[in-house]
Amino acid sequence: MDVKEDVQENIREPLMPIENILAHEDGGAGDRTNNKKVNPCMVYFSTPIAVCGSYAFGSCAGYSSPTQSAIREDIALSLAEYSVFGSILTFGAMIGAITSGPIANYVGRKGAMRVSSVFCVAGWLAIYFAEGVWPLDIGRLATGYGMGVFSYVVPVFIAEIAPKNLRGALTAANQLMICAGVSVAFIIGTVLTWRALALTGIIPCAILFLGLFFIPESPRWLAKTGKEKEFEAALQKLRGKDADITHEAAEIQDYIETLERLPKAGMLDLFQRRYLRSVTIGVGLMVFQQFGGINGICFYTSTIFESAGFSSSVGTIIYAILQVSISHRL
């Protein structure tokens, strides 16, 4: 068998050995009994802390819309200079998204959220004290970087700490809080000065940074890095002191060991003929979603309403309310 056939054979292997699946099915009744002892209070406590990062994401995205007129007037920015200020956020977010995976794998999920919080706080302070275009742009770039890291690490952390029966509902809170952050920035931005609004962006970052000291690290990351004692302690804390975590711990370990045995895939593997169609469809959907222009609408909502001859304050508030209500239903 040549190397190519060997790799293909390894890919066809199940992520979990058959005997482990059968053992899981045989132990189903026991698991259900053990699940009665599971106390997800720590999961419910950890999730609101984590989604403060999602709220901070929304605050960054929603900042430029209600502040455009005031910033341009106070600092004498041209329309082109303010356009750079508004759009440079996305460049920072791209850099943050690219580096978020390695950061989260190296310093952990909590460590990555701390790094992101520091960047966001530094960015908001730079915007608050800005007296010219450069501090504004640097601050906006820094908040964008933090936003990009949050976009990856928050849903990953929630998915890794949540039990299976709660995972879908809890990870949905990520998107809800992003929309809430945008909407609150829109609404309070109609009554606060642009400098005061920048300070409000620090609040969720501070809550997240401090809250991380009281919640456990992701058990899956701890298991992946070989920290056995910390892994079991974190999982026990998340499931409750009386919960039997033996089966779940073994399942996580088996999954990680199986992944490590699989051949390591590289970026160029995505361009193999058998993957090309799936990659094209997946990437195409993401690209066309962004080219739909929703970020432009979000960044300049007040100006759009004003140009249409509608009250910018009323239009922004209506937009904010609709955004949260629709995201909640979805």
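One numbering rule holds for all chains: residues counted from 1, following each sequence as written. It should be noted that, the model being predicted, local features are given only for residues of pLDDT at least 70 and side-chain atom pairs only at 80 or more, the latter also being counted only at that level, while totals for whole chains, interfaces and linings use all residues. Where side-chain values are given, they derive from all heavy atoms of the structure, hydrogens and water being excluded.

- The name given to the protein chain in an unreviewed UniProt entry is Sugar transporter ERD6-like 7, with Citrus sinensis as the source organism.

**Description of the overall build of the protein chain**
Okay, so step 1: Put simply, DSSP marks the helices as runs of H or I at least four residues long and the strands as runs of E at least two long, and each gets a number from the N terminus on. A tally of regular secondary structure across the protein chain gives 18 helices and zero strands.
Okay, so step 2: In the protein chain, which comprises 330 residues, the share counted as buried stands at 40%.
Okay, so step 3: Any two residues whose heavy atoms approach within 4.5 Å at even a single point are treated as in contact. Partitioning the contacts of the protein chain with sequence separation of at least 6, the portion at a separation of at least 24 is 78%.
Okay, so step 4: Summing over all exposed atoms, the protein chain offers an accessible surface of approximately 17900 Å²; the carbon and sulfur share of this is 66%. Throughout this description, buried means an accessible area under 20% of the type-specific maximum (1.4 Å probe, protein chains only), exposed means over 50%, and partly exposed covers the range between. In this description, accessible areas are obtained by the Shrake-Rupley approach with a 1.4 Å probe, and a residue is regarded as covered only by the protein chains that are shown.

**Quick word on the nonpolar core**
Okay, so step 1: To qualify as a nonpolar core, a set must consist of buried Ala, Val, Leu, Ile, Met, Phe, Trp, Tyr and Cys residues joined through side-chain atoms within 4.5 Å. Within the largest apolar cluster, 55 residues are counted, with the highest numbers of intra-cluster contacts made by Tyr63, Ile71, Met113, Trp124, Ile127 and Leu136.
Okay, so step 2: The element that contributes the greatest number of residues to this core is helix H7 (residues 79–129), accounting for eleven residues.
Okay, so step 3: In this structure, tryptophan 124 is in contact with Ser59, Cys60, Tyr63, Thr143, Ala198, Gly201 and Ile202, ignoring residues within four places of it in sequence.
Okay, so step 4: In this structure, Trp221, Phe231, Ala234 and Ile252 belong to the second largest nonpolar core, which totals ten residues.

**What to know about the packing of H7 against helix H11 (residues 202–211)**
Pairs of packed helices are described in terms of their axes, by the angle between the two and the distance that separates them.
Okay, so step 1: Angles shown run from 0 to 180 degrees and are taken between the N-to-C directions of axes, each axis being a line fitted to C-alpha atoms and, for helices, limited to the stretch in contact. One can describe the packing of H7 onto H11 by two numbers: an axis separation of 9 Å at closest approach and a directional angle of 150°. Classified by the interaxial angle, the pair formed by H7 and H11 is roughly antiparallel. Considering the relative orientation of H7 and H11, their crossing is left-handed. Facing H7, whose interface residues are Met113, Arg114, Ser117, Val118, Cys120, Val121, Trp124 and Leu125, H11 presents Ile202, Cys205, Leu208 and Phe209.
Okay, so step 2: Class assignment of the residues belonging to the contact of H7 with H11 gives a composition of ten nonpolar, one polar and one charged. Orientation is classified from the angle alone, with under 35 degrees giving roughly parallel, over 145 giving roughly antiparallel, 65 to 115 giving roughly perpendicular, and any other angle giving oblique. By convention the crossing between two helices is left-handed if the near helix lies anticlockwise of the far one by an angle smaller than a right angle, and right-handed if it lies clockwise. Note on residue classes: Ala, Val, Leu, Ile, Met, Phe, Trp, Tyr, Cys and Pro are nonpolar, Asp, Glu, Lys and Arg are charged, and everything else, Gly too, is polar.

**Observations concerning a negative patch on the surface**
Okay, so step 1: Residues enter patches when they are more than 30% accessible in relative terms and free of salt bridges; like-charged ones are connected within 9 Å and nonpolar ones (Val, Leu, Ile, Met, Phe, Trp, Tyr) within 5 Å. We count a salt bridge whenever a side-chain nitrogen from Lys or Arg sits within 4 Å of a carboxyl oxygen from Asp or Glu. When charges are counted, neither His nor the chain ends are considered; positive counts come from Lys and Arg and negative counts from Asp and Glu. Each charge is placed at NZ for Lys, CZ for Arg, CG for Asp and CD for Glu. A grouping of Glu228, Glu232, Glu257 and Glu260 is seen on the molecular surface, where their side chains present a negatively charged patch.
Okay, so step 2: Contributing elements (two or more residues each) for the negative patch: helix H13 (228–239) and helix H14 (246–261).
Okay, so step 3: Within the secondary structure, glutamate 257 is located in helix H14.

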